[in-house]
Amino acid sequence: MAKKITPASPAPKLETATIHDQKLQRGAGGELHQFAEGDTPVLTTAQGGPVADDQNSLRVGARGPLVVDDFHFREKIFHFDHERIPERVVHARGYGAHGYFETYESLAKYTRADLFQRPGEKTPAFVRFSTVAGNKGSADLARDVRGFAVKIYTQEGNWDLVGNNIPVFFIQDAIKFPDLIHAAKQEPDRAFPQAQTAHDSFWDFISLTPESMNMVMWIMSDRTIPRSLRFMEGFGVHTFRFVNARDESTFVKFHWKPKLGLQSVAWNEAVKINGADPDFHRRDLWNAIQSGNFPEWELQVQLFDQAFADSFDFDVLDPTKIIPEELLKPQPIGRLVLDRMPDNFFAETEQVAFMTQNVPPGIDFSNDPLLQGRNFSYLDTQLKRLGGPNFTHLPINAPKCPMHNFQQDGHMAMRNPIGRTNYQPNSRNEGPRESPMQGYRHFASEEQGTKARLRPQSFADHYSQARQFYISQTGAEQRHIASALTFELSKVETLVIRERMVSHLMNIDETLATTVAQKLGFKSMPKAADAAMPTRQDLEPSPALSIVERGPKRFEGRKLGILITDGVDAKLLKGLTDAITKEKAVFELIAPKVGGVTASDGTLIAAHHMIDGGPSVLFDAVAILTSASATEDLVNEAAARDFVADAFQHCKFIGYDHSAVPLLEKAGIADSLDEGVLSLPGEEGLSAFVAELGKLRVWGREPSVKLGKA
Ligand code: HDE
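These figures come from a predicted structure and were not determined experimentally. (Residues numbered from 1 in each chain as written. Predicted model: local features only at pLDDT ≥ 70, side-chain atom pairs only at ≥ 80, totals over all residues. Heavy atoms only, no water.)

This part is about the pattern of salt bridges. Counted according to the given criterion, the structure contains 42 salt bridges. A salt bridge links K257 to E233, with the shortest nitrogen-to-oxygen separation between them at 2.8 Å. On the criterion of sequence distance, the pair formed by K257 in strand 10 (residues 249–258) and E233 in the loop between helix 4 (213–219) and strand 8 (234–235) is long-range, its members being 24 residues apart. Judged by relative accessible area, which is 3%, E233 ranks as buried. (Salt bridge = Lys/Arg side-chain N within 4 Å of Asp/Glu carboxyl O. Helix = DSSP H or I, 4+ residues; strand = E, 2+ residues; numbered from the N terminus. Buried < 20%, exposed > 50% of the residue type's maximum accessible area, 1.4 Å probe, protein only.)

Taken together, the side chains of L66, F73 and I77 present a nonpolar region at the surface, about 240 Å² in accessible area. Examined against the element boundaries, L66 turns out to sit in the loop between strand 3 (32–34) and helix 1 (71–81). The partly exposed category is assigned to L66, whose relative accessible area is 46%. (Patch = residues over 30% accessible without salt bridge, like charges linked within 9 Å, V, L, I, M, F, W, Y side chains within 5 Å. Areas by Shrake-Rupley, 256 points an atom, 1.4 Å probe, with all protein chains shown as cover.)

Looking now at the site of the ligand. Around the ligand, the surrounding shell holds 23 residues, and the nearest of these are R88, R128, R374, Y378 and Q382. With respect to the ligand, the side chain of S377 contributes an N or O atom lying 3.2 Å from an oxygen atom. Y378 has a polar side-chain atom sitting 2.6 Å from a nitrogen atom of the ligand. Every element with two or more residues in the shell around the ligand is listed here: strand 6 (146–154), strand 7 (157–164) and helix 9 (369–386). With six residues, helix 9 is the single largest residue contributor to the shell around the ligand. A breakdown of the residues in the shell around the ligand according to their chemical character gives 12 nonpolar, eight polar and three charged. (Near = heavy atom within 4 Å. Polar contact = N/O pair within 3.5 Å; in protein donor to acceptor, adjacent residues only side chain to side chain. Nonpolar A, V, L, I, M, F, W, Y, C, P; charged D, E, K, R; others polar.)

No other protein atom reaches the iron atom of the ligand as a donor apart from Y378 (OH), found 1.9 Å away. Topologically, Y378 is positioned in helix 9. (Donors = N, O, S within 2.8 Å, 3.2 Å for Na, K, Ca; no water.)

This is how it looks when you write it as structure tokens:
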């Protein structure tokens, strides 16, 4: 009989916390209670000593020096001085949430992974979304890849699917990762730019790294400026293996599909959101979860065998390539729901340690060289970040299944084995033993070859899928790619780097290359970059690669900003807010004063924002409901004019009542009204407006507002 090793101690009985200014106490079962009136606990030192005065340090005389006897002061300051741990070298800025994964059907045919055996079974999960290049305090709407790291606490150990919102990567070999990241982050002598790739070093490295060209198309697309973390896809990127109970392997690629569909912002909008609300994505996730609108993704898998891999145009081990969904349809296998915010950001979101090597029995790696390199890096980085080998004792990292081993001691050991026997085999018949049947069995792949530093020829086509991505975009999305490339390269001071990049674009799409060259002011076109393999022109477009094609076609989960003034038509406002709520969307009210307005029926309506604090970039669409007299004042407010002009420039739907017309005129849009600017009054007006909102943006307007034209 295996002797029981004491697991990490359960939540302490009298843990206390202050959340949202409320005094809270955590009970034995982890539940939070509010302190009873008059039952405030006594402040203590970390050693448990009661504190009499936390306002004044110990000193000699009222105006004299402080004394070293003040152990309370020293302990308090010492602890404060050590509050920070090293931020992640990449993906430093992140935001996490708890939830669960629910399996649809048994996948026993493909994998023995315990979480995929029983339909309807829910397994706890924690997800951390992140940007890659910026520091912890950088703004949410940086143009950047988003991390999409999922930890699923299965009954056979934690499974970490540490993915991104883009299915390909920059490089084919992990040995290039430090160079890529050095080039992307702030330049070392000047420590800027922050959270931006628009600088010489990044494009110098990229233009010398043709394997990054597919990823370049993705990062210059709207994928890198998502409207919400809830509106983006996630990808495991690499090819993994499912392995069933008979030790048979099936290749698998993992995709997370957002239930609310995909959506991004316009670049000019992103720049303004970063100023108006640098925490835009955090706040959005927080608000959605706290109000019970739980974000959800479906897990879909592309399953294939060796025969498919052999027949595919590209190497399935090459992480710079996708398998188009039209070629291999992803199968839905379960869903991920996020329904709880962490109690404490540091303890959970900051200390969570994701590691690609965390796979349960039934999920295995492929020979993707990037994946194999990652399997080294993630364990190593946690040691640095979390300070010792016992980071699995932290509740957020600890498995939620039984665990027994002989690991012991080390810094901050919390889970300490008891008894005499701390090794095996032992003749006392004590402690856990390995189990060939239950335990993890690595897939027994046949491997052979010469030991050398190699790159396979099957990884050599760097342009064909970049072209395929570009030709799969709608016109608006293609324009955004051209504008993004122009913007980034315009910040590159070294002309030869700009030229080198355009020479790569020549291999992707000549029109794109010419547009960018013209916008940058090139006098002549460079010749196309030398390519290891010519670009295949015959790859079919893949509509699944377009965000607009995959849009949700409904306004659910989105936010309408309603600009109101004194005298607003109370009936119209109620009709609009009711219709929005019915769409399962939300609204916020913006008024000249945050204290609110007096509506036409005399009721006082409080606002969420004053106009300066609630610019239209924070909303998916806007409505302007004013009274004639209030509009006279409004037209003189720059923030009100910007509210309208920006909404129009960012191709948003705008609803208005007639008294708002002078504001539309003053904002300079009255002469160019299109099908996206709708008059609201009357039931028909309202329902037409709400129905149109599902289209999200009027991209057809864009060429006329010259958005993004350099
Ligand atoms: Fe990471 N990556 N990465 N990465 N990565 C880290 O681990 C690394 C790569 C990804 O929210 C680090 O805990 C190498 C691809 C996410 O905590 C570090 C290589 C993909 C996160 C690391 C890659 C990712 C990280 C830094 C090249 C998408 C945030 C802190 C082979 C499939 C996880 C940490 C979180 C974090 C190394 C490439 C996703 C240093 C060496 C490809 C989402 O270990």
